[in-house]
Amino acid sequence: MKHLFSGALLATAVAVAPFGAAFAEINELKIIAPAAPGGGWDQTARSIQHVLQSDKLVENVQVLNVPGAGGTIGLAQFVNSSKGDPNVMIVGGYVMVGAIITNRSPVTLAEVTPIARLTGEYEAIAVPANSPLKSLADLVAALKADPQKVSWAGGSAGGTDHITAGLFTKAIGIDPRKVNYIAFSGGGESLASILGGKVTVGISSLSEYDAQAKAGKLRILGVSSAERLPEAPDVPTFKEAGIDVEIQNWRMIAAAPGITAEQKQELSQTIEKMVKSKAWTEMLAQKGWANTYLSGAAFDAQLAKDIAATQTILKDIGLAQ
Amino acid sequence: MDTFAALSQGVMVALQPMNLLFAFVGVMLGTAVGVLPGIGPALTVALLLPITFKLDPAGSLIMFAGIYYGGMYGGSTASILLNTPGESASIVTALEGNKMARAGRGGPALATAAIGSFVAGTIATIGLALIAPTIVDLAISFGPEDYFALMVLAFTTVSAAFGSSVTRGLTSLFIGLSLGLIGIDLQSGQARLSFGVPDLLDGVEVTTLAVALFAIGETLSVVAAGARADEIIEPVKGSVFMNREDWKRSWKPWLRGTFLGFPIGAMPAGGAEIPTFLSYALEKRLCRKPGEFGNGAIEGVAGPEAANNAAAAGVLVPLLTLGLPTSATAAIMLAGFQQYGMNPGPLLFATNPDLVWGLIASLFIANGMLLVLNLPLVGLWVRLLAIPRPWLYGGILVFATLGTLGANPSLVELGMLLVFGLLGYVLRRYDYPIAPVVVGLILGPLAEQQLRRALAISVGDPLVLFQSPVALTLYVLSALALFGPLLFYVITGRKAPVGADED
């Protein structure tokens with residue numbers, strides 16, 4: 001990639017021409033997955049690697065796992081060591097937004113160069129099949145009667161699940177600090193506590209509950225999307241039930257701080273080509289991920305909005321100052 | 001009878017030459033990474049996922065199963081020979097296994113681990129095939145209050161691993177419990193004892209602590225002892241294989257370990273470590289020659305090794321029947337299923353029977369293959385101990401550092417490894433047992449989280465802890481473990497046998 005820009009303006013016209021569609025436009029790319037192998041961010045990074053290489057958009061892609069602290073360790077390492085380097089990118093997501101605030105991370109998303117939101121999942125509220133709660137209205141009534149008696153099982157405190165539970169209760173006029181939130185470290189453990197009837201409701205991404213719901217063991221009361229989802233057409237959205245909450249647990253890709261506008265442009269184009277490829281569409285379908293591609297100024301605006309809203313709700317829950 | 005028809009169909013799938021090859025590759029890879037501390041089966045499977053994308057689903061899942069079992073086995077080889085437990089489930093194995101290896105009985109220790117793993121793996125796989133749906137209902141009915149009672153039982157029984165002095169044992173345990181507090185508290189999201197170091201937010205990694213205390217601490221004490229050291233490591237004394245007495249002393253611990261490991265492994269919050277602790281404590285209690293515990297008792301290898309392998313099969317129960325991944329490796333195998341467009345869950349047995357039964361059958365094959373591959377190699381493995389001491393410990397240091405850094409490339413991690421290594425040296429020097437530190441780090445956070453969950457769900461009512469029959473039963477068992485020796489004394493007038501020091 002360096003050779004493309006070293007020649008400056010004069011060379012651009014000449015340099016671009018020899019590269020036909022069959023050749024990779026970028027020789028090398030390192031993608032940092034700020035999580036351990038196997039998780040969502042790691043799988044996203046590896047899917048990007050797979051498609052970029054198989055479609056010959058980038059010659060050689062490496063994935064490097066830097067796990068820890070909701071992605072903030074990887075983010076800090078990325079920001080500190082790759083300033084101005086156009087050949088390194090990082091995968092991240094909404095979870096990072098919350099982790100940066102609750103961990104008081106010295107490095108924030110303001111320091112990276114966001115390229116695009118790629119995919120996302122919506123949150124769902126589920127109850128065991130034999131629960132007396134049949135609808136979101138029942139849940140709202142139970143919460144209004146005594147918010148402490150409704151226990152919510154979800155992921156770690158301050159994560160997307162907790163934030164959604166906080167937004168939900170706030171939207172129906174209850175102090176989000178009263179949410180009786182029970183944090184579990186793994187999806188399996190929290191799902192078991194819901195199936196076993198140990199907690200009142202579960203809150204997590206829809207995909208966690210889908211298989212159990214299809215088998216009739218769980219009932220999904222509602223989802224956090226703007227419109228009903230194709231994979232669960234019978235499940236109403238929170239908005240339909242009059243609860244003004246819409247939240248997406250998105251994943252994105254970002255470039256290093258301090259890269260030039262041209263470099264940003266080129267990376268954005270490469271990612272856009274990837275998103276429009278057949279291989280990417282197949283990859284998303286196979287993983288069950290929704291395509292929520294958003295780039296440029298629209299993504300920057302959405303990101304700023306998410307950061308502000310998260311800051312507010314974490315304060316309301318009592319997890320941030 | 002349907003089950004047997006389905007299983008034999010599965011065996012046919014697994015016995016295809018191509019699938020046998022996948023099982024072989026998996027077992028070899030698994031053993032190799034299991035030997036490296038820090039790099040476990042979860043990491044290996046995760047790294048292989050994108051490569052196996054184009055392979056046939058049955059073949060690659062069979063390979064993953066091989067890696068899973070191979071990793072468990074490789075971990076115990078390193079524990080026994082080098083005293084570097086590569087994963088948390090083989091920490092207990094190091095206690096007696098390494099003592100045996102130094103006394104020239106590394107061969108029987110490796111053999112009892114291999115055969116015990118095979119026996120436990122086979123029984124547990126049969127259990128998986130036959131009673132998975134029943135046992136999963138039981139496992140799911142465990143609430144936080146029951147888990148808390150299980151942790152109490154584990155705490156009271158592992159006091160058996162504390163060595164001769166209770167005060168020293170408790171001191172070590174409390175060091176472990178304090179280390180367990182480091183990091184973000186799951187329930188409140190607040191950082192504890194992290195002193196502003198971001199790398200500490202996720203807490204202390206169990207394998208880092210175990211490798212540091214066991215391997216690095218020991219290397220330091222060997223160096224410090226220098227020429228004064230009188231201990232001579234004998235690679236082989238007597239037969240490389242198990243003799244008649246070894247068999248006699250091993251078979252019951254294998255079975256008991258299996259019956260502890262399988263159900264606890266099947267519980268969503270059970271894991272593979274707790275059954276190994278319980279098995280070690282149980283064998284120590286039941287052993288006819290308790291004086292040997294701490295000096296290389298074969299029961300202390302046979303029981304925990306069987307328990308951790310049975311737990312590995314137990315973990316597959318909630319994964320295959322409900323789609324609940326309850327360990328890191330299971331979570332990645334779940335990702336493997338999803339890669340082929342399958343959703344493990346209550347419907348998997350109905351929608352993809354070939355694959356499920358093929359996987360279960362391949363577990364049998366992987367188990368058998370491990371035994372066939374490893375038993376002849378035992379003689380070769382124990383030769384490792386014939387390496388001159390400076391080279392051997394130099395090698396251990398390199399392995400320990402590489403493994404830890406390979407799993408988490410961070411300077412803070414390396415620093416922790418060295419600091420805990422020094423701690424291990426100091427503990428050894430002043431005769432404090434090491435295992436309780438690791439036990440505290442593993443059990444402390446689990447017990448704390450379960451207790452707080454139980455109390456949060458009951459909105460602060462402590463009576464919830466005693467209202468479940470399961471929890472009550474476990475408390476009675478804990479009381480027996482604590483006061484049993486005293487009762488024994490009161491009734492018979494003899495002092496109950498007390499084990500020797502572990503180190």
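Per an unreviewed UniProt entry, chain B carries the name Tripartite tricarboxylate transporter TctA and comes from Ancylobacter dichloromethanicus.

Labelled according to an unreviewed UniProt entry, chain A appears under the name C4-dicarboxylate ABC transporter substrate-binding protein, originating from Ancylobacter dichloromethanicus.

Enquirer: Looking at this structure, I do not really get unusual backbone geometry. What am I missing?
Expert: Comment: phi is negative for the bulk of residues other than glycine, and the bulk of peptide bonds are trans. Residues and elements named next belong to chain B. Its identity as a non-glycine residue notwithstanding, Leu193 has a phi of 50°, on the positive side. With respect to the helices and strands, Leu193 occurs in the loop between β2 (191–192) and α9 (206–225). In this structure, Asp431 is a non-glycine residue whose phi angle is positive, near 65°. With respect to the element layout, Asp431 can be found in the loop between α18 (411–429) and α19 (435–457). The exposure class assigned to Asp431 is exposed, which follows from the 12 C-beta atoms found within 10 Å.

Enquirer: Please clarify how the UniProt feature "transmembrane region" (unreviewed entry) in chain B should be interpreted in this entry.
Expert: All names here are of chain B. Sequence positions flagged by UniProt for "transmembrane region" (unreviewed entry) are, in local numbering, residues 20–49, 61–82, 109–135, 147–163, 315–335, 355–379, 391–412 and 463–491. Spanning residues 61–82, this segment combines 100% helix with 0% strand, and its end C-alpha atoms are found 31 Å apart. With 88% helix and 0% strand, residues 355–379 has end C-alpha atoms that lie 37 Å from one another.

Enquirer: So what exactly am I meant to see when it comes to the interface of chain B and chain A here?
Expert: When the parts of a complex come together, some accessible area is lost, and that lost area is often taken as the interface size. Contacts between chain B and chain A engage 41 residues on the former and 43 residues on the latter. Of all the secondary structure elements, the ones that give two or more residues to the side of chain B that touches chain A are α3 (41–48), α13 (328–339) and α19 of chain B. The residue inventory of the side of chain B that touches chain A, partitioned by class, reads 25 nonpolar, 13 polar and 3 charged.

Enquirer: Explain the confidence of the model for chain B here, please?
Expert: In regions of low pLDDT, the predicted coordinates are not meant to be interpreted in detail. Residues and elements named next belong to chain B. Averaged over every residue, the pLDDT of chain B is 80; the share at 70 or more is 87%. Per-element mean pLDDT across chain B ranges from 69 in helix α14 (residues 348–351) up to 91 in α18. Residue range residues 498–503 is modelled with pLDDT below 50. Its contacts to residues more than four positions away, or to other chains, number 24 contacts. Among the prediction metrics, the complex's ipTM stands at 0.76, with pTM recorded as 0.79.

Enquirer: I would appreciate a short explanation of the domain arrangement of chain A in the present structure.
Expert: Residues and elements named next belong to chain A. Each domain of chain A was delimited in the assignment, giving domain 1 (2–120 + 249–317) and domain 2 (121–223). Inter-centroid distance (C-alpha atoms) of domain 1 to domain 2 is 31 Å. Tallying the contact residues gives 13 residues for domain 1 and 15 residues for domain 2. Elements that contribute at least two residues to the side of domain 1 that touches domain 2 include exactly α5 (94–102) and α12 (296–317).

Enquirer: Can you walk me through the packing of helix α10 (residues 244–266) of chain B against helix α12 (residues 299–322) of chain B in this structure?
Expert: The description of two helices packed together rests on the angle between their axes and the distance between the axes. All names here are of chain B. Packing of α10 against α12 leaves a shortest axis separation of 6 Å and a crossing angle of 30°. Taken together, the axes of α10 and α12 are roughly parallel relative to one another. As for how α10 packs across α12, the hand of that crossing is right-handed. Residues belonging to the contact of α10 with α12 are distributed by class as follows: 18 nonpolar, 9 polar and 4 charged.

Enquirer: Quick question: what am I supposed to make of helix α6 (residues 136–145) of chain A here?
Expert: An α-helical turn contains 3.6 residues, so any two residues separated by three or four positions project in the same direction. All names here are of chain A. Considered for burial, the residues of α6 that qualify are Leu136, Leu139, Val140 and Leu143. Along the axis of α6, the buried residues cluster in a sector spanning 100°; they form a single face. α6 presents Ala141 and Ala145 as exposed residues on the side facing more than 90 degrees away from its buried surface. In this fold, the buried residues of α6 make contact with β4 (113–128), α7 (160–171), β7 (201–205) and β8 (218–223).

Quick notes on the rules
- Residues numbered from 1 in each chain as written.
- Chains lettered and ligands numbered in written order.
- Predicted model: local features only at pLDDT ≥ 70, side-chain atom pairs only at ≥ 80, totals over all residues.
- Helix = DSSP H or I, 4+ residues; strand = E, 2+ residues; numbered from the N terminus.
- Buried ≥ 20, exposed ≤ 12 C-beta atoms within 10 Å, placed from the backbone.
- UniProt positions renumbered as here; feature names shortened; annotations may be inferred.
- Contact = placed C-beta atoms within 7 Å.
- Nonpolar A, V, L, I, M, F, W, Y, C, P; charged D, E, K, R; others polar.
- pLDDT = per-residue confidence, 0-100.
- Domains from an automatic or database assignment.
- Axes fitted to C-alpha atoms, helices over the stretch in contact; angles between N-to-C directions.
- Parallel < 35°, antiparallel > 145°, perpendicular 65-115°, else oblique.
- Left-handed = near helix turned anticlockwise from the far one by under 90°.
- Arc of directions from axis to C-beta.

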